[in-house]
Amino acid sequence: MSKYNEYVKEIEERKSQGLHPKPIDDGELLSEIIELIKDTDNAYRADALQFFIYNTLPGTTPAAVVKAKFLKAIILGESVVEEITPSFAFELLSHMKGGPSIEVLLDIALGDNEATAKQAADVLKTQVFLYDADYDRLKNAFENGNAVAKELLESYAKAEFFTQLPEVEEEIEIVTFIAGEGDISTDLLSPGADAHSRSDRELHGHSIFEHNKEKQDELKALKEQHPDKRVMLVAEKGTMGVGSSRMSGVNNVALWTGIQSSPYVPFVNIAPIIAGTNGISPIFLTTVGVTGGIGIDLKNWRKKTDADGNIVVDENGEPILEEVYSVATGTVLTINTKKKKLYKGDQELIDISASLTPQKLEFIRAGGSYAVVFGKKLQTFAAKTLGIEAPTVFAPSKEVSNEGQGLTAVEKIFNKNAVGTTPGKTLHAGSDVRVEVNIVGSQDTTGLMTAQELESMAATVISPIVDAGYQSGCHTASVWDKKAQANIPKLMKFMNDFGLITGRDPKGVYPAMTDVIHKVLNDITVDDWDIIIGGDSHTRMSKGVAFGADSGTVALALATGEASMPIPESVKVTFKGEMKPYMDFRDVVHATQQQMLKQFSGENVFQGRVIEVHIGTLTADQAFTFTDWTAEMKAKASICISEDETLIESLEIAKGRIQIMIDKGMDNEQQVLQGLIDKANKRIAEIRSGEKPALTPDASAKYYAEVVVDLDVVGEPMIADPDVNNEDVSKRYTHDTIRPLSYYGGTKKVDLGFVGSCMVHKGDMKILAQMLKNIEQQHGKVEFKAPLVVAPPTYNIVDELKAEGDWEVLQKYSGFEFDDNNPKAAARTKYENMLYLERPGCNLCMGNQEKAEPGDTVMATSTRLFQGRVVKDSDEKKGESLLSSTPVVVLSTILGRTPTMEEYEAAVQGIDLTKFKPSSKKLVAA
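Parameters at a glance
Once a new chain begins, its residue numbering starts again from 1 and follows that chain's sequence as written. In keeping with the model being predicted, local features are shown solely for residues with a pLDDT of at least 70 and side-chain atom pairs are shown and tallied solely at 80 or more, while totals for entire chains, interfaces and linings include all residues. For side-chain calculations, the full set of non-hydrogen atoms in the structure is used, while hydrogens and water are omitted. Helix and strand assignments come from DSSP, with helices taken as H or I runs of at least 4 residues and strands as E runs of at least 2, each series counted from the N terminus. Atoms considered for the radius of gyration are the C-alpha atoms alone. The globule rule reads 2.2 Å times the number of residues to the power 0.38. Here the term buried applies to any residue with accessible area under 20% of the maximum for its type, exposed to any over 50%, and partly exposed to those in between, with areas from a 1.4 Å probe on protein chains only. The contact rule is simple, with two residues in contact once any of their heavy atoms fall within 4.5 Å. Per-residue accessibility takes into account occlusion by the displayed protein chains alone, with areas from the Shrake-Rupley method and a 1.4 Å probe. Charge counting follows a simple rule: Lys and Arg are positive, Asp and Glu are negative, and His as well as the terminal groups are ignored. Charged groups are reduced to one reference atom each: NZ for lysine, CZ for arginine, CG for aspartic acid, CD for glutamic acid. Using only the protein atoms, space was sampled on a 1 Å grid; points where a 1.4 Å probe fits but cannot get out form cavities, open sets with protein on both sides within 12 Å along at least five of seven lines form pockets, and lining residues are those with an atom within 4 Å of a point. Grid points are joined across faces, edges and corners, and a volume is the space filled by probe spheres set on the points. Charged means Asp, Glu, Lys or Arg here, nonpolar means Ala, Val, Leu, Ile, Met, Phe, Trp, Tyr, Cys or Pro, and polar covers whatever is left, Gly included. Any two strands are treated as partners once DSSP identifies two or more bridges connecting them. Lines are fitted to the C-alpha atoms to define the axes, a helix being fitted only along its stretch in contact, and any angle between axes, read from their N-to-C directions, falls within 0 to 180 degrees. Here the word oblique covers every angle except those under 35 degrees (roughly parallel), over 145 (roughly antiparallel) and from 65 to 115 (roughly perpendicular). The set of buried Ala, Val, Leu, Ile, Met, Phe, Trp, Tyr and Cys residues whose side-chain atoms join them within 4.5 Å is what this entry labels a nonpolar core. Only Phe, Tyr and Trp rings are paired, with Trp represented by its six-membered ring, and only when their centres lie within 6.5 Å; those with planes under 30 degrees apart are stacked, over 60 edge-to-face, the remainder tilted. Counting as a charge over the ring demands two things of the Lys NZ or Arg CZ atom: a distance within 6 Å of the ring centre and an angle within 35 degrees of the ring normal. Salt bridge, as used here: a side-chain nitrogen of Lys or Arg that lies within 4 Å of a carboxyl oxygen of Asp or Glu. Throughout, disulfides are identified as pairs of cysteine sulfur atoms within 2.5 Å of each other. Polar contact is the term for a pair of N or O atoms within 3.5 Å; when the atoms are in protein, one must be able to donate a hydrogen and the other to accept it, and sequence-neighboring residues count only if both atoms are side-chain atoms.

Engineer: Looking at this model, I keep getting lost on the overall build of the protein. Mind explaining?
Structural biologist: In terms of helices and strands, the protein carries 31 helices and 33 strands. On C-alpha atoms alone, the protein measures out to a radius of gyration of 28 Å, which is about the 29 Å that the 2.2 N^0.38 rule sets for 926 residues. Its C-alpha atoms give the protein principal-axis dimensions of about 90 × 65 × 65 Å. Within the protein, buried positions represent 61% of all 926 residues. For the protein, the share of sequence-separated contacts (at least 6 apart) that also reach a separation of at least 24 residues comes to 73%. Looking at the protein as shown, the accessible area adds up to about 35,300 Å², and 48% of this sits on carbon and sulfur atoms. A distance of 1 Å separates the average location of the 99 positive side-chain charges in the protein from that of its 134 negative side-chain charges.

Rendered as structure tokens:
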């Protein structure tokens, strides 16, 4: 009983951490537990029964396979367990979601024993996680005259699995809990440093509020005071869930405030209620829907206006906010799901129809969006098999079609990829659409959860609809510690077996690669009409339209090849003027955000919308710098509109990089990567022939807003500042404070620099090499007064830099260079004033392994400036992460402070920065 003894030992270890026994997914362990159950005199039998009934993970885990077979033996009388009657065995099967449990139930339902067949059929009528093999069994049985199969299909066609569920309660009493003021990053709910524990839900739950026990105790006390109410977690004066999709954040909130999904599945809670003054971040809101939760845009603070309706501003020119109604911690409110209003007693506070659309109410009723997606598919199959019209059960998809109105780029992509819509109907923004997904990406810190989600929904192979799926190793690239060694190989094998291309080969044919996932997805997207779903908020491509998503939505896309969402509104961004020769395109990116906020009096018109950026002349690598940052602009997605020749050049680059992946041995038996090259060739031929030019919007398309960026007024480098000492707490750690370099007067101390993350490309590495040569030529030597950490995004970039001589330059000035044969086994806690050449990957931007020293001021090319992400506070000083271009970062580390404009211009003299000239062509469809 070695496995069981190990489990008991682990249980004792977890007790010391205040944890319960870890849920079981190991089939061998459960087999040993079953032997203990069969031995009626065994001293461990009572514990074994508890573990079997209440602590075994469902779905397609190896343990679920073993559990389902044993329950089948009990139902058939082949095994007798006094505590588990056949009826109870059926109940346990009903909570196992799919895969082996469905197989067992179909075996019994389609078998010869009439009594057990009826019981199995009754359970099957409540199930929705059926796949093609299950469909085939039902169809064949029906065609062979099996009465139970016919009964099941008739039930499925009526969608009784949904209609027999209880209605959503009309009134939900809630009590508020302020999680924080200002924008709340998902780091507060699920800290990046705890990424390793996300698949251990109970353990990860201890990390909520960044392990702040005092705040956790406050939440516990509030729940005890209001046992009959649900807790609503609030971002006061801010947006909830910015910075990441993070299913683990929603899981943590649900674990603390939600409802247990099944009495037989521990630590899986659903139905959290989350709110923010400025609503919920779009990708985080999708995640809330996955769990059947409610996300509310409170609008409880508004901009103050004078008698003439003008916005009143403070001495800094910032709009003054005034409270419309209070949601202070402990406020008791009522959600009325019929009237779709939020009440305080009898007082109506706000209409929350957007939170309770017919579709969202279905998610709430079904316990999450997966059940609805699978249910619709099951109903369609059953009706087709019976040869009948499926009755209308689910809320019809909202179809918005405005006659005579042209299409934006995203509307065109959604119309092209939509399924299940009215034939021939052109759909505009606001329509609810199911779309086929072309590319799916999974990253390594959420990948373990994605694998769990795939097991829980009983999926075993990637959908044939998906052109390619990729599993990265970038978020754990910095340190190959025991946690990574335990998690990553297991994850890579699971995903490789599932059908994804993986950064690490379970068979060891090609060397492990830790390329940044967004860069790989940007390369393997080979059609500007593609839809991409990725397990990270920075899933933003320069071709097609990409959406960052939680681990569950990624799993759903991998399993079904589909995603469901409303067609978003778009904001059009165009450019005028000319870039200064000493400016970098990163400065244009920051200036876009700054000018947008100024043009719209502080309103972020990008939030929750698609930014249609008319980049025109920038190839994929450079254009990605803009689309990547749009996650920090709080946009739902971004689309680059390119000239034909620019798009062809980008596709040729992508082909070359995919070929390198093939040459390394990364393609699989299905030749997925070769298929992408073939698809790219087809797209290039379409563009060259004029058959299908590069994607452009219609001239008569309608936009929520249009932003024109004036390049002429961008006179110096721009820096996104977390503004950590702003008196108004809600203004700290946003990405909206954009300052010119001169603001700092050449005097702000910089403790560490970071060039890396998805925001840089090969050009940035070449800029770095040339700057070092420039400085040596101008000053006789290069001396770092602050450490500079450099993490190239991909191995391809490293190889190209080596071939072109730039890597040799970086090596010359570095004091540390990564070694894949001997990767770091522990995170660095102290830095010397030198250049560190780190392994390709996310490094400091992720914050889960490497961090700056507490209290440091960091100048970085990355995307994250949230409190504690890149750098924690020290007792003496707040840590701050300022975001800027590569030249500013490099020069800041050499000087140990922010440079003056004179110093900056001298350092970049003669360097080929990322230039941008707006397209002279009209980038609209004829």
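Engineer: What is the right way to read empty space enclosed by the protein from this model?
Structural biologist: It is a probe the size of a water molecule, rolled over the atoms, that shows where empty space is left. In this structure the tally under the stated criterion is twelve cavities of 30 Å³ or more. In this structure, the largest cavity spans a volume of roughly 180 Å³. Lining the largest cavity are 20 residues, with His475, Asp536, Met846, Arg864 and Arg869 positioned closest to its centre. When grouped by side-chain class, the residues that make up the lining of the largest cavity number five nonpolar, ten polar and five charged. Roughly 100 Å³ of internal volume is contained in the second largest cavity. Together, Tyr470, Met513, Asp515, Lys519, Val520, Asp523, Arg657, Met661, Lys664, Met666, Thr794 and Asn796 line the second largest cavity.

Engineer: Please clarify how helix H15 (residues 282-290) should be interpreted in this entry.
Structural biologist: An α-helix turns once per 3.6 residues; consequently, residues spaced three or four apart project the same way. For H15, the buried fraction is high: seven of the nine residues fall into the buried class. The set of residues buried in H15 consists of Pro282, Ile283, Phe284, Thr287, Val288, Gly289 and Val290. One or two positions beyond H15, positive phi appears at Gly292, with a value near 70°.

Engineer: Where do I start with the sheet that holds strand E21 (residues 562-566) in this structure?
Structural biologist: For sheets, the rule is that strands pair by backbone hydrogen bonds, running either parallel or antiparallel. Sheet architecture is open: three strands sit in the order E14-E15-E21, paired in antiparallel fashion. The open sheet terminates on both sides in strands that have one partner only, identified here as strand E14 (418-419) and E21. Note that strand E15 (residues 432-436) and E21 share five bridges and pair antiparallel. Note on E21: the bridge partner recorded for Val433 is Met565.

Engineer: Just to check I follow, could you spell out the environment of Asp314 for this structure?
Structural biologist: Mapped onto the fold, Asp314 is located in the loop between strand E9 (301-303) and strand E10 (321-323). Residue classification places Asp314 among the partly exposed residues on the basis of a relative accessible area of 24%. Along the primary structure Asp314 and Asp644 are separated by 330 residues, whereas in three dimensions their C-alpha atoms are 47 Å apart.

Engineer: What's the story with the packing of helix H16 (residues 358-366) against helix H17 (residues 369-386) in this structure? I'm lost.
Structural biologist: When two helices pack together, their arrangement is given by the angle between the helix axes and by the axis-to-axis distance. Following both chains from N to C, one finds H16 and H17 inclined at 100°, their axes separated by 7 Å at the closest point. One way to sum up the angle between H16 and H17 is to call them roughly perpendicular. Side by side, H16 and H17 meet where Glu362, Phe363 and Ala366 of the first sit next to Ser369, Ala371, Val372 and Lys376 of the second. When grouped by side-chain class, the residues that make up the contact of H16 with H17 number four nonpolar, one polar and two charged.

Engineer: Which parts of the structure should I look at to understand the sheet that holds strand E3 (residues 230-236)?
Structural biologist: An order of E8-E7-E3-E1-E11-E12-E13 is seen for the seven strands of this open sheet, with the pairing classed as mixed. With one partner strand each, in any of the chains shown, strand E8 (294-297) and strand E13 (347-351) form the two edges of the open sheet. Going from strand to strand, the sheet's axes swing by 30° on average, the running direction of each strand aside. The pairing of strand E7 (residues 273-276) with E8 spans four bridges and is classified as parallel. The partner of Ile273 across the bridge, within E8, is Ile294.

Engineer: Looking at this structure, I do not really get the nonpolar core. What am I missing?
Structural biologist: Core analysis: the biggest nonpolar cluster contains 127 residues, and Ile524, Phe575, Phe606, Ile615 and Phe626 have the highest contact counts within it. If we skip the residues at most four places from it in the chain, Ile615 touches Phe575, Phe585, Ala623, Phe626, Cys640, Ile641, Ser642 and Phe916. Ranked by size, the runner-up nonpolar core spans 114 residues in total, among them Ala383, Val410, Val433 and Ile533.

Engineer: Sorry if this is basic, but what is going on with the side chain of Thr794 here?
Structural biologist: Locating Thr794 in the fold gives a position in the loop between strand E29 (788-791) and helix H28 (795-804). In contact with Thr794, other than residues within four places in its own chain, are Asp515, Lys519 and Pro840.

Engineer: Even after reading the chapter, I still don't get the packing of aromatic side chains, so can you show me in this structure?
Structural biologist: To describe a pair of aromatic rings, you give the distance between the ring centres and the angle between the ring planes. What the rule picks out here adds up to 22 aromatic pairs. Judged by centre distance (4.1 Å) and plane angle (5°), the ring pair of Tyr135 and Phe381 falls under stacked. With Tyr135 in helix H8 (residues 132-143) and Phe381 in helix H17, this pair connects stretches of sequence that are 246 residues apart. An identical accessibility class is assigned to Tyr135 and Phe381; each is buried. The rings of Tyr4, Tyr7, Tyr44 and Phe51 are connected pair by pair, giving a single aromatic cluster. Positioned above the aromatic ring of Phe209 is the side chain of Lys215, whose terminal nitrogen or guanidinium carbon lies 5.8 Å from the ring centre. The aromatic ring of Trp301 is capped on one face by Lys237, whose charged end is 4.4 Å from the ring centroid.

Engineer: Just checking my understanding: could you explain the pattern of salt bridges for this structure?
Structural biologist: Should their charged atoms come close, side chains of opposite charge can pair. What the rule picks out here adds up to 56 salt bridges. Close ionic contact of Arg201 with Glu453 constitutes a salt bridge, the shortest N to O distance being 3.6 Å. With a gap of 252 residues between them, Arg201 in helix H12 (residues 201-205) and Glu453 in helix H19 (residues 444-456) connect regions that are remote in the sequence. Overall, Arg201 belongs to the buried group, its relative accessible area being 19%. Here Glu453 falls in the buried class, since its relative accessible area comes to 6%. Taking the shortest distance from any N to any O, the salt bridge between Arg739 and Asp723 comes out at 3.4 Å. A residue pair is termed long-range when its members are at least 10 positions apart, and Arg739 in strand E27 (residues 738-740) and Asp723 in the loop between strand E26 (718-720) and E27 qualify at 16 residues.

Engineer: Help me out: how do you make sense of the state of the cysteines in this one?
Structural biologist: A covalent bond between the sulfur atoms of two cysteines is what we call a disulfide. Per the counting criterion, the structure on display carries zero disulfides. The structure places no disulfide on Cys474, whose sulfur is separated from the nearest cysteine sulfur, that of Cys842, by 3.8 Å. The exposure class assigned to Cys474 is buried, which follows from its relative accessible area of 0%.

Engineer: Explanation requested: helix H22 (residues 551-560) in the structure shown.
Structural biologist: Most of H22 is tucked away: ten of the ten residues are buried. Ser551, Gly552, Thr553, Val554, Ala555, Leu556, Ala557, Leu558, Ala559 and Thr560 are the residues of H22 that are buried. Among the residues of H22, the N-terminal cap falls to Asp550, whose side-chain oxygen and the backbone nitrogen of Gly552 are separated by 2.8 Å. A positive backbone phi angle near 75° is found at Gly561, which sits one or two residues after H22.

The quantities given are spatial measurements derived from coordinates; they are silent on function.
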